Amino acid sequence: MATKRHELDAADRNALSDSTFAFPRVRKEPLNDARHVRNAIARFDQVREVSDAERDEAFKRIKRAAGRFGVEMTESSWHELGKPSPTRKSSDKPRSPAKGERSKDERSKAELYAEARRRNVDGRSSMTKAELLRALDTSR
């Protein structure tokens, strides 16, 4: 079975048109596959030397690419991209039942990944938590 190549070397990156990038002027964050779209979402706030107008346009490009490649995106504004979720106080957190009693939804991404690895789920290394949940539900 052939392995999918996700890495872009310099020649591949240079061959991409400007419109393939979330930030075309600075050629940052390519949107050529699901893995790169997820990366653009995670690193959105790390892109430097771009205006708010460029961020607005980049957000629209990322949203379109997410739809095209089936990447789940819950953010409604570019201000939410790349930011960690707000931290809750320990007293606000729900109590965790015994480890064996937790459902898949309550397990961490690392725990889901470990289970996907045990079940030999293809593509697990580039999956989001939601994608891991779906893959594990369908691999029963």
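Residues numbered from 1 in each chain as written. Predicted model: local features only at pLDDT ≥ 70, side-chain atom pairs only at ≥ 80, totals over all residues. Heavy atoms only, no water.

Q: Can you break down the nonpolar core residue by residue, with the values?
A: Soluble globular proteins: nonpolar side chains tend toward being buried together. Residues Val 37 and Ile 62 are the most contacted members of the largest nonpolar core, which totals 19 residues. Looking at this core, the elements that each hand over two or more residues are strand S1 (21-23), helix H2 (34-43) and helix H3 (52-69). The dominant element in this core, judged by the number of residues it contributes, is H3, at five residues. Contacts of Val 37, omitting those with residues within four sequence positions, involve Pro 30, Leu 31, Ile 62, Ala 65, Ala 66, Phe 69 and Val 71. Grouped together as the second largest cluster of nonpolar side chains are eight residues, Leu 112, Leu 132, Leu 133 and Leu 136 included. (Core = buried A, V, L, I, M, F, W, Y, C linked by side-chain atoms within 4.5 Å. Buried < 20%, exposed > 50% of the residue type's maximum accessible area, 1.4 Å probe, protein only. Helix = DSSP H or I, 4+ residues; strand = E, 2+ residues; numbered from the N terminus. Contact = heavy atoms within 4.5 Å.)

Q: Kindly report on the confidence of the model for the protein chain, identifying the contributing residues and their values.
A: In the predicted model, the protein chain carries a mean pLDDT of 80, and the fraction of residues at 70 or more is 77%. The secondary structure element of the protein chain with the lowest average pLDDT is helix H5 (residues 129-138), at 85, and the one with the highest is S1, at 94. (pLDDT = per-residue confidence, 0-100.)

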